Amino acid sequence: MPQYIAPLRDMQFVLHELLQAEDHLKALPDHADTNRELIDQVLEEGGKFTSEVLFPLNHSGDQEGCHHDKVTHAVTTPKGFKEAYKQFVDAGWPALSCDPEYGGQGLPMIVNNALYEMLNSANQAWTMYPGLTHGAYECLHEHGSEELKNIYLPKLVSGEWTGTMCLTEPHCGTDLGMLRAKAEPQADGTYKITGGKIFISSGEHDMSQNIIHLVLARLPDAPQGTKGISLFVVPKNIPNPDGTLGARNAIVCGAIEHKMGIHGNSTCQMNLDGASGWLLGEPNKGLNAMFVMMNAARLGVGIQSLGLTEVAYQNALIYAKDRLQMRSLTGVKEPEKAADPIIVHPDVRRMLLTAKAFAEGGRAMSYYVALQIDIELNHPDEEVRKEAADLVALLTPLCKAFVTDNAWIATSEAMQVYGGHGYIAEWGMEQYVRDARINMIYEGTNTIQSLDLLGRKILMDNGAKLKKFGALVQAFVEDNGADEALSEFVTPLADLGDKVSKLTMEIGMKAFQNKDEVGAAAVPYLRVVGHLVYSYFFARMAKIALEKQDGGDRFYQSKLATARFYFARLQPETAMLIRQARSGASSLMAPDADLF
């Protein structure tokens, strides 16, 4: 049966050896006291909670799902979810990276994201409840008035209240400029919100005392399109001035969605019928404010898929070492047994190493981005903050799209290792595939992320952000290009860096003539840039492993083997992807619609 053990050594390798997080955090006034010992203690305790409390609820929660009472509109989460959440709150986990002014512990984002990797490996559906709450906290913290902050942040930080974001409507998802929810101003300064929202994760449940919805809606005089959207705080229960819960607000769950995966999370249709709301941020600037939560969610979805990749790999590896089928092609490996374990077969190893490499690459990039967020928010030097912010902006769509695409591949390969047993629910593997599939869709589809990367983050500023990451690549190549032991990693990294520069320029020139060229190239282009980022981190990890592999610790030999596999088997897909991106829009756009 499935199991999960937090990969603490792999996490610590990225945090302490690859990124040297402690040294960077010392330069940040708010995190100068966050040392390696403290980070490791947090990870160890998080590992215990995720493996002992959360993981045992994953399969049962998937089987049971959530239940909606059509009369009371209440939603009941799977057995054990509510109790696990109470343990989570009692242990102080929701407050980990929150502002101490509102009861938070003030630890850096990189530590919080490491925790969330473990949470998502253990139980993605459950983790969405506190995950969305943290996004709501960040949005309120940045854009809320002092009054709103004082009312809501302490309860969100403690975990007593949870949060959601309510964007999507039946007729509009990606195109939020079409949304119809209305907000009517009231004499007391509040607003009455009316409309319907769909696909609202954690929209109604029994795990917390109150649910704080951040809702996009239009004011009566709002301009059309995205420039006419405002953001409102709409609590399930309206707080009294003393912070206690008051009247039930006119926002209810009309139904829960019956969906492919994440069954343990309540995905709700939310109906607002004159619900009381409070403006968050400026009128008609709601989308700008909501992007704080949306960007946090996009990074969070990448962490979801990292978690699924890791747990799928762990279980596939255990199975491959235990399952006996046939004999090795090069001769019997375990003659005392009826057959050899399937890990002797080359293609089983390919599947395992694919998942392993995508987990290690995703962890390196995701943790790096979290560290850059800490620098962006806390470094005393404005130029350093700006540099970090540009890297975060560039890499956010990659964290969302590249990591989730790779998780779909990795979980599918891990399930394949099991053969027919992988298709059977009791083994747990097919759940990871189902859960992984939503991550490519919600919080902005991966095609939208690709358009964001190429159109907004790269072409819009003439490649300035991409050049900043390219400078990191170039510096590593120049520092290590003469090292023969590293040539198998440095040479393909340098080559891909050159190809990305040329490809970007070519697409940019085409886009001047025809904007459809951006749409046609965006998806393969994102994967190419994703591989450039992974190549950079795998080359750096290989350098560390080469320096330490002779010390007798086989951990570094494993890192080196994974890096070699990545460059030999995964990175070469860039040749195909570059050809696809260069092929242009004509083969896609030339046929009339009635020819399909």
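Below or above, wherever it landed, is the structure these notes cover. Worth saying up front: this structure is predicted, and the values here are computed from it rather than measured.

Between the first and last C-alpha of helix 3 (residues 36-54) there are 25 Å, a value that for 19 residues agrees with the 27 Å anticipated at 1.5 Å per step. Among the residues making up helix 3, those that are buried are Ile-39, Asp-40, Val-42, Leu-43, Gly-46, Gly-47, Phe-49, Thr-50, Val-53 and Leu-54. In this structure, the buried side of helix 3 is in contact with helix 1 (8-18), helix 2 (21-26), helix 4 (58-64), helix 5 (81-90) and helix 6 (109-143). The N-cap of helix 3, judged by a side-chain oxygen 3.3 Å from the amide nitrogen of Glu-37 a few residues on, is Asn-35.

In this section: the pattern of salt bridges. Pairing between side chains becomes possible if they bear opposite charge and their charged atoms approach one another. A full pass over the atoms with the stated rule returns 33 salt bridges. The shortest N-O distance in the salt bridge between Lys-86 and Asp-90 comes to 2.8 Å. Pair noted here: Lys-86 and Asp-90 are both in helix 5, with a separation of four residues, about one helical turn. Like Lys-86, the residue Asp-90 is exposed in the burial classification. Notably, a salt bridge pairs Arg-527 with Glu-573, separated by 2.7 Å at the nearest N-O pair. Here Arg-527 is found in helix 15 (residues 516-548), whereas its partner Glu-573 is found in helix 17 (residues 573-582), with 46 residues between them in sequence.

A complete count under the given rule lists two cavities of 30 Å³ or more for this structure. By volume, the largest cavity is sized at about 80 Å³. If you trace the largest cavity, you find it lined by Tyr-85, Trp-93, Pro-94, Cys-98, Asn-112, Tyr-116, Pro-130, Thr-133, His-134, Leu-156 and Gly-159. Looking at the lining of the largest cavity element by element, the count peaks at five residues for helix 6. Approximately 40 Å³ is the volume found for the second largest cavity. Every residue lining the second largest cavity is listed: Asn-113, Leu-299, Ile-303, Ser-366, Val-369, Ala-370 and Cys-399. If you list the elements that add at least two residues to the lining of the second largest cavity, you get helix 8 (286-322) and helix 9 (346-378). Broken down by element, the residue count for the lining of the second largest cavity peaks at three residues, all from helix 9. Among the residues forming the lining of the second largest cavity, the class breakdown is five nonpolar, two polar and no charged.

We now examine the packing of aromatic side chains. A complete count under the given rule lists 23 aromatic pairs for this structure. Pairing Tyr-319 with Trp-427 gives two aromatic rings, centres 5.6 Å apart and planes at 85°, and the pair type is edge-to-face. In this pair, Tyr-319 sits in helix 8 while Trp-427 sits in the loop between helix 10 (382-417) and helix 11 (429-438), placing the two residues 108 residues apart along the sequence. Its relative accessible area of 22% is what places Trp-427 among the partly exposed residues. Ring centres of Phe-489 and Phe-567 lie 5.7 Å apart, and the angle between their planes is 55°; this geometry places the pair in the tilted category. Placement of the pair is Phe-489 in helix 14 (residues 487-513) and Phe-567 in helix 16 (residues 554-570), with a sequence separation of 78 residues. When its relative accessible area of 9% is taken as the criterion, Phe-567 is described as buried. Taken together, the ring pairs connect Phe-402, Phe-489, Tyr-534, Phe-538, Tyr-566 and Phe-567 into an aromatic cluster. The ring of Phe-555 has Arg-9 lying over it, and the distance from NZ or CZ to the ring centre is 4.1 Å. The ring of Trp-408 carries Arg-437 above its face, with NZ or CZ at 5.3 Å from the centroid.

Now for the pairing of strand 7 (residues 230-235). Burial analysis of strand 7 places six of its six residues in the buried class, which makes it a mostly covered element. Neither face of strand 7 is exposed, since Ser-230, Phe-232 and Val-234 on one face and Leu-231, Val-233 and Pro-235 on the opposite face are all buried. By the bridge criterion, six bridges tie strand 6 (residues 210-217) to strand 7 in an arrangement that is antiparallel. Looking across to strand 7, one finds that Leu-216 is bridged to Leu-231. Bridge count between strand 7 and strand 11 (residues 267-279): two bridges; the pairing is antiparallel. Its bridge partner lying in strand 11, Phe-232 is registered against Leu-279.

What counts and what doesn't
- Residues numbered from 1 in each chain as written.
- Predicted model: local features only at pLDDT ≥ 70, side-chain atom pairs only at ≥ 80, totals over all residues.
- Heavy atoms only, no water.
- Helix = DSSP H or I, 4+ residues; strand = E, 2+ residues; numbered from the N terminus.
- Expected span 1.5 Å × (residues − 1).
- Buried < 20%, exposed > 50% of the residue type's maximum accessible area, 1.4 Å probe, protein only.
- Contact = heavy atoms within 4.5 Å.
- Polar contact = N/O pair within 3.5 Å; in protein donor to acceptor, adjacent residues only side chain to side chain.
- Salt bridge = Lys/Arg side-chain N within 4 Å of Asp/Glu carboxyl O.
- 1 Å grid on protein atoms, 1.4 Å probe; cavity = no way out; pocket = protein on both sides within 12 Å on 5 of 7 lines; lining within 4 Å.
- Points joined across faces, edges and corners; volume = space filled by probe spheres on them.
- Nonpolar A, V, L, I, M, F, W, Y, C, P; charged D, E, K, R; others polar.
- Phe/Tyr/Trp six-rings, centres within 6.5 Å; stacked < 30°, edge-to-face > 60°.
- Lys NZ or Arg CZ within 6 Å of the ring centre and 35° of its normal.
- Pairing = 2+ DSSP bridges.

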